[in-house]
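Chain and residue survey
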Amino acid sequence: MPQVEGGYTALDSANTNGHVGSSGGAIYQSTTEPTGPQSVFESMKRAIGQVVGTSGNGTAQDTDDLLAASNGRQAMVVGTRERDKIGKPLLNTKMPSAPTHTAEEARLLGTMPIDPMDDIELRSVQLQFPNARGSILEACEQRRVPTDKGDVHVAIQGDNTKPAILTYHDLGLNYVTSFAGFFNFPPMRGLLENFCVYHVTAPGQEEGAPTLPEDYIYPTMDELAAQLVYVMSHFGLKSVIGFGVGAGANILARFAHSNPDKVGALVLINCVSTQSGWIEWGYQSFNARFLRTKGMTQSVIDYLMWHHFGRNPEERNHDLVQMYKQHFERGVNPTNLAMFINSYIHRNDLNITRTPPGTPGTQPSLCTLKMPVINITGALSPHVDDTVTFNGRLDPTNSSWMKISDCAMVLEEQPAKLAEAFRLFLQGEGYAVGTLQKLGRKYSTASQNSSNHIELTVQ
């Protein structure tokens, strides 16, 4: 069965000698199979061209007969179902790989780019951490500090002759994903001229960390807090300003409670001061089991996203949510994270309490944290109630509770508000000077025009 250019397949003529009769009826009784939408007139033209081109002894008279016949008879294209009914053999009805264009269509399409997106280089575009996250890796000096419970990874950012700020991250994160964006925020860059930041990462939680040995006993929350003594001793630090988030805030609070002379002030975000409840214990126990046996499952990712962003985070910042989902899927060692989660859900209570002033036989400094504390949370965070409970156990004369609106992950969603609060807190403690104050005034003026606001309550 011949195949002609343009996608039409013509059946053999009714005559056995290969010639077409003068009436041309055999041509129009044959069935044609188009591979693209064509008009009736185009079908007639292609059928005539096929007969003229294939006839061995075709003459002009044959062509005239065909044209004459075309004036009196209308061509009919028979569908597949109709051919079944009349008993005609079926043609190849496979879907063509690409539509066939006429010469006119080819000329028109030739004047247009095949893919209008070829001029835009999108293949090299990749999702990057906001606020120049990658620069912190180059700016930090990486150290491994030996402790009684294994080595601890510490990244030093800034001049180590300046006062020290010690940070500790939350579950599923490390110093890069938790603090890089905030400390590279423009108002915070001036901070490095006045301070040196020591980013502490929990064992096995850094980027590309190998799986911890099976016989390794992961430190408890109290032991993780005790490791900070080795860190301070290693770098010769006498006092630090603690800056912690979530689980890291709990660790710093433990360290400050047991070593009050080594902590000058605390900035704690979403800090939990009580032991885990039944719901948290149940969810996190399943997460730890899935991480050990199946790796990073979707249910674990969903819980981590809720832990950091609360409900419906896509409605606030879709790109930020996708970035952290990608980090949980690819940048976290599941086995090591399961050990960290297991230590966190088995934490004990901080055993601090607010003692009313003037109570006979008691000293408030022995029952609660005696250094200045700023207790921060986001209005959309699932840990708001925990921070309220924690605030009720602090001394009201040296602590404050702050709720920042329209966010849950304060460091990423509201860095300008947090930077302003952090600057004022340090300035009130006599730390902030020079460039930091100038940047603070500049951005505090800009933030006054913003619709966001800070709710500050001292209780």
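Criteria and thresholds
Residues numbered from 1 in each chain as written. Predicted model: local features only at pLDDT ≥ 70, side-chain atom pairs only at ≥ 80, totals over all residues. Heavy atoms only, no water. Axes fitted to C-alpha atoms, helices over the stretch in contact; angles between N-to-C directions. Helix = DSSP H or I, 4+ residues; strand = E, 2+ residues; numbered from the N terminus. Parallel < 35°, antiparallel > 145°, perpendicular 65-115°, else oblique. Left-handed = near helix turned anticlockwise from the far one by under 90°. Contact = heavy atoms within 4.5 Å. Nonpolar A, V, L, I, M, F, W, Y, C, P; charged D, E, K, R; others polar. pLDDT = per-residue confidence, 0-100. Phe/Tyr/Trp six-rings, centres within 6.5 Å; stacked < 30°, edge-to-face > 60°. Buried < 20%, exposed > 50% of the residue type's maximum accessible area, 1.4 Å probe, protein only. Lys NZ or Arg CZ within 6 Å of the ring centre and 35° of its normal.

The subject of this paragraph is the packing of helix α9 (residues 221-235) against helix α10 (residues 247-258). Running from N to C, α9 and α10 point in directions that differ by 70 degrees, and their axes come no closer than 8 Å. With respect to each other, α9 and α10 are oriented roughly perpendicular. Handedness of the α9/α10 crossing: right-handed. Contacts between α9 and α10 pair Met221, Asp222, Leu224, Ala225, Leu228, Val229 and Met232 from the former with Ala247, Asn250, Ile251, Leu252, Arg254 and Phe255 from the latter. Of the residues in the contact of α9 with α10, the class split is 10 nonpolar, one polar and two charged.

Here we take up the packing of helix α12 (residues 298-309) against helix α13 (residues 318-330). Two packed helices can be described by the angle between their axes and the distance between those axes. It is at 10 Å that the axes of α12 and α13 come closest, and there the two elements cross at 135 degrees. In this view, α12 runs oblique relative to α13, as classed from their interaxial angle. For α12 against α13, the interelement crossing comes out right-handed. Facing α12, whose interface residues are Ile301, Leu304, Met305, His308 and Phe309, α13 presents Leu320, Val321, Tyr324, Lys325, Phe328 and Glu329. Within the contact of α12 with α13, the residues separate by chemical class into eight nonpolar, one polar and two charged.

Right, let's talk about the confidence of the model for the chain for a bit. In the predicted model, the chain carries a mean pLDDT of 76, and 61% of its residues have values of at least 70. Taken as a whole, residues 91-99 scores under 50 in pLDDT and shows nine contacts with residues more than four places along the chain or in a different chain. Predicted confidence is poor over residues 116-132, with pLDDT under 50, and the contacts of this stretch with residues over four places away or in other chains come to 18 contacts.

It is worth spelling out the packing of aromatic side chains at this point. By the definition in use, this model includes 15 aromatic pairs. Centre to centre, the rings of Tyr198 and Phe235 are 5.1 Å apart; their planes meet at 50 degrees, and the pair counts as tilted. Taken as a pair, Tyr198 in strand β6 (residues 196-201) and Phe235 in helix α9 lie far apart in primary sequence, 37 residues in all. Here Tyr198 matches Phe235 in class, with each residue buried. Joined through ring pairs, the aromatic side chains of Phe179, Phe182, Phe183, Phe243 and Phe422 make up one cluster. When the ring centre of Tyr344 is taken as reference, the NZ or CZ atom of Arg347 above it lies at 4.3 Å.

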